[in-house]
Amino acid sequence: MKYTVNEYGFYGDFGGAFIPEMLYHNVKELKDCYLNIIESEEFIKEYKQLLKDYVGRPTPLYFAKRLSEKYNSNIYLKREDLNHTGAHKVNNTVGQILLAKKMGKTRIIAETGAGQHGVATATVCALMDMPCIVYMGEIDIKRQAPNVARMKMLGAEVRAATSGSKTLKDATNEAIRDWIANPKDTYYLIGSVVGPHPYPDMVARFQSIISEEMKMQLEEKTGRNYPDKVIACVGGGSNAAGAFYHFLDNENVELIAVEADGLGVKTGKTAATTQIGTEGIIHGSKTILMQNSEGQITEPYSISAGLDYPGVGPLHAHLFKTGRGTFLGATDKEALAAAFELTKLEGIIPALESSHALAALGKLDLKPNECVVVNLSGRGDKDMETYMKSLPNPPNI
Ligand SMILES: *Cc1c(COP(=O)(O)O)cnc(C)c1O
């Protein structure tokens, strides 16, 4: 079985580029040049330099001693929370902005739901002195005020999507409309392993630095360059794709993807795409998504804004369907408990998204001699309000 993309942009049954004709040339231009550029010596040199000096890589692989004692195993945390801007997303935006420049593009557009990808995009646009327009649902703009403020301070223009449900999918529609209208000068910077080919493959390659570093760090710490299990949360699936990438063909490594069950899969208030979703097309690729009987996308729900997405990238649909990946879910409640547990045991406040991955530890039958890596995709600063609200007696801060 092959887990990387084929020349048509498919992972098994999933992927491809299902796009309106008016986008064909934009996507083709990108598809025809991305590998030549990102595999060139010059590009790799610049990209690695920025990852080191600007993003702060390599991120540590931390042996979590007290967490390991609790679960009677050997648990390592890949500290993506220590990246500049507080999550893994910047690994991808740094890569794509360099690519955009090499393609001669002068204007960047992006869509964002929770605002995390918008912030990571606005950050690299400031760095590279590129104008940046971020489309965001009107409702999300209200819900995510701190990230809107960050984007504005970084010089981005935040444009409200006022149609439909006024959330992420509507922002995506607006961004696509913009790209169709401005095909020559504009680069569309997508934030996860979603969208038409080549985006899923390109974003996975940029995030694969996570497992590239893991291999070296595990070799150094354990004498073996792979773990028994890698656990990562899945919204669109980019941090998981990066954490799995160099282990996809190593069947000794169990790949564990954790989706957001929300209030519970049976309640319908959920973002557990592989559990309640069906095959279809979203954002230009064939994958598994949450849709009604008429093929309209249904609104997902999760306490964690970054996992609140109605699909998964085509790689993950393939890992799910072939059984190569183990797909678990964690509810809002379980994620909150895992966040407080990590904070208490290790002095690390995780992002709510990453807390879903941590919540899987209690659902697995871990062995004392096993080596387990949890990808800690981001830090919890942005989630403090939610964490405080979840306490029975919230402190008066
Ligand atoms: C956005 C985000 C996610 C979810 O996105 P993926 O593409 O699935 O990785 C997970 N964790 C954090 C901290 C995020 O900001």
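Before reading further, recall that the structure is shown in the block above.
Chains are numbered independently. Their residues run from 1 in the order of the written sequence. Thresholds applied to this predicted model are a pLDDT of at least 70 for local features of residues and 80 or more for the giving and counting of side-chain atom pairs; totals over whole chains, interfaces and linings are not thresholded and use all residues. To get the side-chain values, all heavy atoms of the structure are used, and hydrogens and water are removed first.

## Focus on the site of the ligand
Around the ligand, 17 residues are found, and the nearest of them are Lys 89, Ser 192, Gly 237, Ser 238 and Ser 377. Side-chain polar atom of His 88 to an oxygen atom of the ligand: 2.9 Å apart, as the coordinates give it. Whenever a nitrogen or oxygen atom comes within 3.5 Å of another N or O atom, the pair is scored as a polar contact, on the condition that within protein one atom can donate a hydrogen and the other can accept it, and that pairs from neighbouring residues in sequence are kept only if both atoms are in side chains. At 3.2 Å from an oxygen atom of the ligand is found a main-chain nitrogen or oxygen belonging to Gly 236. Only the protein chains shown count as cover for residues, with accessible areas throughout obtained via the Shrake-Rupley method and a probe of 1.4 Å. Isolated, the ligand exposes 380 Å² of accessible area, and the fraction of that covered by the protein chains is 97%. Whether a residue is near a molecule or strand depends on its heavy atoms: it is near if one of them lies within 4 Å of it.

## Observations regarding the side chain of Asn 239
Strands here are runs of E lasting at least two residues and helices are runs of H or I lasting at least four, both read from the DSSP assignment and numbered beginning at the N terminus. Of note, Asn 239 is situated in helix α11 (residues 238–244). Each residue's exposure class comes from its accessible area (1.4 Å probe, protein chains only) as a fraction of the maximum for that residue type: buried when under 20%, exposed when over 50%, partly exposed otherwise. Residue class for Asn 239 comes out buried when judged on its relative accessible area of 4%. Any two residues whose heavy atoms approach within 4.5 Å at even a single point are treated as in contact. Once you skip the residues sitting within four places of it in the chain, Asn 239 turns out to touch His 88, Ile 210, Ala 232, Cys 233, Asn 375 and Ser 377.

## Details of the sheet that holds strand β5 (residues 107–112)
At least two bridges found by DSSP between two strands is the condition for calling them paired. Spatial ordering of the open sheet is given by β7-β6-β5-β8, a layout of 4 strands whose pairing is parallel. Looking along the sheet, the strands with just one partner apiece sit at the ends: β7 (157–161) and β8 (186–188). Direction aside, neighbouring strands of the sheet carry axes that sit 25° apart on average. As defined by bridge partners, strand β6 (residues 132–137) adjoins β7 across 5 bridges and the pair is classed as parallel. In the sheet register, Val 134 faces β7, and the bridge partner there is Val 158. Lying on the sheet, helix α4 (residues 89–102) is in contact with β5 and β8; it crosses β8 at an angle near 155°. Helix axes use the C-alpha atoms of the stretch in contact, all axes being lines fitted to C-alpha atoms, and the angles between their N-to-C directions lie in the range 0 to 180 degrees.

## Quick look at the layout of surface pockets
A water-sized probe rolled over the atoms picks out the places where empty space is left. Its volume calculated, the second largest pocket comes out at about 400 Å³. Asn 173, Ile 176, Ile 282, His 283 and Gly 284 are, among the 27 residues lining the second largest pocket, the residues nearest its centre. Of all the elements in the fold, those that place two or more residues in the lining of the second largest pocket are α8 (168–181) and β11 (278–282). Among the elements that line the lining of the second largest pocket, the one with the most residues is α8, at 6 residues. Under the scheme applied here, ten amino acids are nonpolar (Ala, Val, Leu, Ile, Met, Phe, Trp, Tyr, Cys and Pro), four are charged (Asp, Glu, Lys and Arg), and all others, including Gly, are polar. When grouped by side-chain class, the residues that make up the lining of the second largest pocket number 16 nonpolar, 8 polar and 3 charged. We place a 1 Å grid over just the protein atoms. Points where a 1.4 Å probe fits but has no way out form a cavity, open points with protein on both sides within 12 Å along at least 5 of 7 lines form a pocket, and any residue with an atom within 4 Å of a point lines it. Grid points are joined across faces, edges and corners, and a volume is the space filled by probe spheres set on the points.

## Here we look at helix α7 (residues 145–153)
Turning to α7, its buried residues are Asn 147, Val 148 and Met 151. Seen end-on, α7 carries its buried residues on one side only, within an arc spanning 105°. Seen from the buried face of α7, the exposed residues on the opposite side, beyond 90 degrees, are Pro 146, Lys 152 and Met 153. Tucked inside the fold, the buried residues of α7 contact β5, α5 (116–128), β6, α6 (138–143) and β7. Taken from the residues just after α7, Gly 155 is the one with a positive phi, measuring 95°. To be clear, the arc concerns the directions from the helix axis to the C-beta atoms.

## Regarding the pattern of salt bridges
Salt bridge, as used here: a side-chain nitrogen of Lys or Arg that lies within 4 Å of a carboxyl oxygen of Asp or Glu. If you walk through the whole model with that rule in mind, you get 30 salt bridges. Taking the shortest distance from any N to any O, the salt bridge between Arg 205 and Glu 39 comes out at 3.1 Å. Residue Arg 205 is found in helix α9 (residues 199–207), and its partner Glu 39 is found in the loop between α1 (24–38) and α2 (41–55); the two are separated by 166 residues along the sequence. Among the ionic pairs, Glu 174 bridges to Arg 177, the shortest N-O distance being 3.0 Å. Of the two residues, Glu 174 and Arg 177 both sit in helix α8, 3 residues apart, roughly one turn of that helix. Arg 177 gets classed as exposed once you look at its relative accessible area, which sits at 51%. Connected through salt bridges with shared partners, the residues Asp 13, Glu 279, Lys 286 and Lys 321 form a single ionic network.

## Remarks on the pairing of strand β10 (residues 254–262)
Counting buried residues along β10, 8 of its 9 residues qualify, which places the element largely inside the surrounding structure. Where strand β9 (residues 229–233) and β10 come together, 5 bridges link them in parallel fashion. For Lys 229, the partnering residue across the bridge sits in β10 and is Glu 254. With the strands pointing away from the viewer, any crossover whose connection runs clockwise from the first strand over the helix to the second is right-handed. Chirality of the crossover, the property in question, places the unit of β9, α11 and β10 among those that are right-handed.

## Overview of the sheet that holds β10
Ordered by their spatial adjacency, 6 strands build an open sheet running β3-β4-β14-β9-β10-β13, and the pairing between neighbours is mixed. Here the strands that pair on one side only, and so sit at the sheet edges, are β3 (61–63) and β13 (325–331). Across the sheet, the axes of successive neighbouring strands diverge by a mean angle of 25°, strand direction being ignored. In this structure, β10 lies alongside β13, joined through 7 bridges in parallel fashion. Within β13, the residue paired with Glu 259 across the bridge is Gly 329.

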